[in-house]
Amino acid sequence: MTHAIPVAVLGASGRMGSEAVRAIEAAEDLQLVAALGRADSLQDLVASGAQVVVDLTVPDSTEQNVAFAVEHGIHAVVGTTGWDAERLGRLGNLLDQHPGVGVLIAPNFALGSVLATAFAARAARYFESVELIELHHPDKVDAPSGTAERTAALIAEARRDAGVPASPDATRTARDGARGCDIDGVRVHSVRLRGLVAHQEVLFGGAGEQLTIRHDSFHRESFMPGVLLGVREVAGHPGLTVGLDGYLDLQA
Ligand SMILES: NC(=O)C1=CN([C@@H]2O[C@H](COP(=O)(O)OP(=O)(O)OC[C@H]3O[C@@H](n4cnc5c(N)ncnc54)[C@H](O)[C@@H]3O)[C@@H](O)[C@H]2O)C=CC1
Ligand SMILES: O=C(O)C1=N[C@H](C(=O)O)C[C@H](O)C1
């Protein structure tokens, strides 16, 4: 058997980080060499000998963590949110200076969610109206979700490419927030409710019909096959990959 891949987790005591630690420990081809939290130094990451780091921290620290990993030749699998175009641009430039290092930024590791986003992008051009609702546990610190940001951006791109006009909306007066936020012309509504984990609905409306594309993560175990796939594949994909679909053949 080939040697196990040495893997470190950043944010290891968090909701996702602790689940990832368990999944990596249970995988025979992976070896957990560091489980680091906010109190640890990034130097511990280098000292651990990790070839791959999984970042499941907070939007405020993820860019710095990933830049440190890249500068030290460590591949990174990133589930943390907050990767806007500016941050992705800076990371792309950094990776140009470190050829051979791979980074996967995965807004969502659940296979069903990755498929739902791909299906939504596919359907986007065929309907007059589109709106998106994301629903999460109330301990989530960011809104809208990273998955919603990505899904809305892909829907907007598909509609732009196909020359579809903006969704009709006659609203002239509204309370703040009543119509959600606007991501590239797609209205996105965020719900935070005790009992939920991670859920998303894309609503497409046409004359006399509606298509709803819904995905539910009922438990964080749903994200683990994607995390493990990312860890196993990232070294073989140098440079920046955004979205787990970059490692999957969704056409098959
Ligand atoms: N891509 C995906 O499929 C998923 C992504 N997420 C995202 O992952 C991130 C973490 O989510 P949760 O685990 O729910 O949050 P959490 O708050 O439970 O965990 C975050 C952990 O990171 C630690 N932390 C903060 N700063 C740190 C630093 N500089 N270095 C090391 N550790 C640090 C915190 O102490 C905490 O233990 C969020 O951005 C969330 O949106 C969550 C679920 C799935
Ligand atoms: O914070 C979460 O829980 C999740 N975060 C990611 C996001 O913002 O899209 C992925 C998933 O929705 C769970």
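Thresholds, definitions, all that
Residues numbered from 1 in each chain as written. Chains lettered and ligands numbered in written order. Predicted model: local features only at pLDDT ≥ 70, side-chain atom pairs only at ≥ 80, totals over all residues. UniProt positions renumbered as here; feature names shortened; annotations may be inferred. Pairing = 2+ DSSP bridges. Helix = DSSP H or I, 4+ residues; strand = E, 2+ residues; numbered from the N terminus. Near = placed C-beta within 6 Å. Nonpolar A, V, L, I, M, F, W, Y, C, P; charged D, E, K, R; others polar. Axes fitted to C-alpha atoms, helices over the stretch in contact; angles between N-to-C directions. Contact = placed C-beta atoms within 7 Å. Core = buried A, V, L, I, M, F, W, Y, C linked by C-beta atoms within 7 Å. Buried ≥ 20, exposed ≤ 12 C-beta atoms within 10 Å, placed from the backbone.

Looking at an unreviewed UniProt entry, one finds the protein named 4-hydroxy-tetrahydrodipicolinate reductase, with Arthrobacter subterraneus as its source organism. In the Subunit (unreviewed entry) part of its UniProt record, the protein is described as follows: "Homotetramer." UniProt, in the comment section headed Function (unreviewed entry), describes the protein in these words: "Catalyzes the conversion of 4-hydroxy-tetrahydrodipicolinate (HTPA) to tetrahydrodipicolinate."

Pairing between strand β6 (residues 129-136) and strand β8 (residues 186-192): 6 bridges, direction parallel. Across the sheet, the residue bridging to His136 is Arg192, located in β8. From the end of strand β7 (residues 181-183) to the start of β8, which pair antiparallel, there are 2 residues, and Asp184 there has a positive phi angle of about 50°.

Moving on, we get to the site of ligand 1. Taken together, 24 residues lie around ligand 1, and Gly11, Gly14, Met16, Ser61 and Gly79 are the ones closest in. Those elements giving two or more residues to the shell around ligand 1 turn out to be α1 (15-26) and α3 (59-71). The greatest single-element share of the shell around ligand 1, amounting to 3 residues, is contributed by α1. In the shell around ligand 1, the residues fall into 10 nonpolar, 12 polar and 2 charged.

Hydrogen bonds along the backbone pair up the strands of a sheet, which may run parallel or antiparallel. Ordered in space as β7-β8-β6-β9-β10, the 5 strands form an open sheet in which the pairing is mixed. Where the open sheet ends on each side, the last strands, each with one partner, are β7 and β10 (209-217). Averaged over neighbouring strand pairs, the angle between their axes works out to 25° when direction is ignored. Its contacts with the sheet put helix α5 (residues 111-123) on β9 (198-206) and β10, and the angle it makes with β10 is roughly 160°.

Where a protein is soluble and globular, its nonpolar side chains tend to be buried together. Of all hydrophobic cores here, the largest spans 46 residues; its most connected members are Val9, Ala20, Val53, Val54, Val103 and Val227. With 5 residues, the single largest contributor to this core is α1. Aside from chain neighbours lying at most four places away, what touches Val9 is Gly17, Ala20, Val21, Ile24, Ala35, Leu36, Val54 and Leu56. Counting residues in each nonpolar core, the second largest holds 16 residues, with Ala121, Ala124, Val130 and Ala156 among its members.

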